[in-house]
Every structure is written in C-alpha cells, then in structure tokens.
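Topology and contacts: notes
So the chains spell out like this:
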Amino acid sequence: MACVLCTYCFRKKVIIVLKSKQRKRNKEPLTPLQQIVFEFAHVLVGAALVAITFNIFLLPNQIASGGVAGISTLFYNTLGFEPAYTQWAFNIPLFVAGIILLGGSLRGSVLYGSKTLAGTLFLPFIVYLTRGMEPATADPLLAAIFGGVGVGLGLGIVFRSNSSTGGTDLAAQIIGKYSGLSLGACIFIIDGLVVVSSAFVFGFEFALYALIGLFTTGKTIDLVQIGFGYSKMAIIISDNQEEIKQGLLTTVDRGVTKLIGYGGYTNHERPVLMCVVGRNEIAKLKKTIKTIDPTAFVIVTSASEVLGEGFNKK
C-alpha cells in the first residue's frame, strides 16, 4: 500500500512540475496594472543608465553631445552650475510648457505624461546622486563612443516603454508645432546648436567628439528599438511561380504570400511571390529559386523588424 501511495504521489508531483513548466512557456499576458508598473520600471532604469553614463563618460571629458545634458555640460564648465540643477531648471519648465502648448500629446494621455514626468525628474536626480563617481576614461574619443552607447541604450529602453525623458524632445515638439518643421529637423537644429556652442567653449576637436557621441547614441537607440533580428524579404517574379512557391514552403520552410501584379509594358497580370526569411536562410532561398527557374527576377531587401509567426511575436 505504501509503494502504491508513493508512486501516486510521485506521478502527481511530476504532473504539477510539468504543468508549471508549461505555464512558464506559455506566459500569460500582463494585466494592465502590471504593464504600467513594467513601463515605469523601464523609464526609471533607462533614465538611471543615461545619468550614470553622463557622469562617468560625458561630463568629465567635456562631451556636449546635444540635449539638456549637453547644455548642462556647457554650464558646468563655464559657470560652475551643478549639472543636475541645470537639467531640472530646463526640464521642468519644458514639461509644463509641453502640457500647455502640446495639448493632446501630453494631456490626452495621462499615462504618457506621467511616465515623461517621471523620467524628467528622475534622470537629474540620479545625476545628482552619482556626481562623485570616478570617470571611466580620460580619453575623449572613448568617452564619446561609450558615452553615446550608454545614453542610446538608456534612451532606447525609455522609448520602448512609449515614454520620454523630456528635455529638448519636448522643445522640439513645441517648435515643430508652431514652425511647421518636422520633429527630426527640430531635434537636429537644437542638438546642432549645442554642439556648435561646445566648439566655442571647448574647442573644435571636442565638438567633433560630441558629433561622434551624438551619432553613436542615434545608432544605439535604433538597435535597442529594432533589435539584432534583421531579416530579409524576397520579391520573386517568375513564370514558374507555383513550383517556386512549393520549393520555398518545403525546402526553406518559410511561408509565401502570393501578390497580384501587372507588367508595366504588357499590362498583363503577373503573380508576384513575397517571402521573408532569416539572414542565415537567404542563401538557401536563392539556391532554391535558381534551381527551379534560373531566369527568375528576384529582389532581396532588408526587413529591419518582422512580427508574427516564425519571427518575433511581441
């Protein structure tokens, strides 16, 4: 009887463990409250990363690569103002102006406004707390590169939570609303003015370092937003499109979408196949097509982000 009970208990424990693992594999979606907490955590972590990067890379090496952080670097080295105070002095009025002037962009979304306010206040706070940290390097070039990576990583985390750290982003939105310029152009103008000012304060060479930091920041933000999962999209035009379709489905094991196109010269209907594959599968795709129809017209282009079955589902 004891053996039977032990076997039963063992089987029951195994079933519980298997069910627990299955629940972990099939993660349930976050509740609205959990999602809000998750996004606020992203804002705080990203803002903290930007602040620490600013103190150990950018500020000690006089890299003013745009934004309110760049302005605070200029003020610190010319007037001796504490960078955190300068950032609060710019960020808070800009946030209030954004609420008043942008209207729907901030007031229309209480959650977005709350997260932006959190980033606006928390980033200078961490700058103040970590102001005594030792610089990571005394080389301006290394500081520009790794400072740009750190700031881009932090801002990318904040942007992924559909938020902002305020500052010149809000200034650019306000200028764009009343000037008709695009947001990108406004940000470029503001950051450009900061970099040009750094050339007068620190010298032309340090302005070039600031440009390197600004470029690195932008590329890192793109990487965080899009990720490493670059895929390839193939557009295929062939008279043997049915055979190619079957070949891609069986050999490459990727889905194929059949589009209807028309020849520009003949104006005749011409089926077009579209297939998205991973980078490591593009050679197999081209080989499959060439084996079936060496004369097929194939266009291969990069797809920076693919969502759905077989790729990123988030």
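Residues numbered from 1 in each chain as written. Predicted model: local features only at pLDDT ≥ 70, side-chain atom pairs only at ≥ 80, totals over all residues. Heavy atoms only, no water.

With an unreviewed UniProt entry as reference, the protein chain is termed DUF2179 domain-containing protein, source organism Salipaludibacillus neizhouensis. The heading Subcellular location (unreviewed entry) in the UniProt record of the protein chain holds the text "Cell membrane". (UniProt positions renumbered as here; feature names shortened; annotations may be inferred.)

**Some points on the packing of aromatic side chains**
Within the structure shown, the criterion is met by seven aromatic pairs. For the ring pair Phe 122 and Phe 125, a centre distance of 6.3 Å and an interplane angle of 40 degrees mean the geometry is tilted. With Phe 122 and Phe 125 both in helix α5 (residues 110-129), this residue pair falls three residues apart, about one helical turn. By relative accessible area, Phe 122 is classed as partly exposed at 23%. For Phe 125, a relative accessible area of 38% translates into the label partly exposed. Three or more aromatic residues link up through ring pairs in this structure, and these residues are Phe 75, Phe 81 and Phe 90. Looking at Arg 131, its charged tip hangs above the ring of Tyr 128, at a distance of 3.9 Å from the centre. (Phe/Tyr/Trp six-rings, centres within 6.5 Å; stacked < 30°, edge-to-face > 60°. Helix = DSSP H or I, 4+ residues; strand = E, 2+ residues; numbered from the N terminus. Buried < 20%, exposed > 50% of the residue type's maximum accessible area, 1.4 Å probe, protein only. Lys NZ or Arg CZ within 6 Å of the ring centre and 35° of its normal.)

**Re the pairing of strand β2 (residues 257-262)**
For a regular strand, side-chain orientation follows a simple rule: the groups alternate between the two sheet faces. The sheet contact formed by β2 and strand β3 (residues 269-278) spans six bridges and is antiparallel. Bridge pairing links Gly 261 to Arg 270 in β3. (Pairing = 2+ DSSP bridges.)

**Here we look at helix α10 (residues 241-252)**
One full turn of an α-helix is made of 3.6 residues, so residues set three or four places apart face in the same direction. Within α10, burial applies to Gln 241, Ile 244, Lys 245, Gly 247, Leu 248 and Val 252. Projected down its long axis, α10 shows its buried positions confined to an angular sector of 165 degrees, all on one face. Buried-residue contacts for α10 involve β1 (231-237), β2, β3 and α11 (282-292). Looking one or two residues past α10, Asp 253 carries a phi angle of roughly 60 degrees, positive in sign. (Arc of directions from axis to C-beta. Contact = heavy atoms within 4.5 Å.)

**Considering the confidence of the model for the protein chain**
A residue-level look at the protein chain finds 83% of positions with pLDDT of 70 or above and a mean pLDDT of 82. Within the protein chain, no element has a lower average pLDDT than helix α1 (residues 2-25), which sits at 45, and none a higher one than helix α3 (residues 67-79), at 93. The model gives residues 1-26 a pLDDT under 50, and that stretch makes zero contacts with residues more than four places away or in other chains. (pLDDT = per-residue confidence, 0-100.)

**Considering the sheet that holds β1**
Read across the sheet, four strands follow the order β2-β3-β1-β4 without closing on themselves; strand pairing throughout is antiparallel. Edge strands, defined here as strands with exactly one partner in the open sheet, are β2 and β4 (297-303). The average undirected angle you get between the axes of adjacent strands in this sheet is 25 degrees. As paired strands, β1 and β3 are joined by six bridges and run antiparallel to one another. Each residue of the ladder has a partner; that of Ile 236, found in β3, is Leu 273. Sitting on the sheet, α11 touches β1, β3 and β4, and the angle it makes with β3 is about 150 degrees. (Axes fitted to C-alpha atoms, helices over the stretch in contact; angles between N-to-C directions.)

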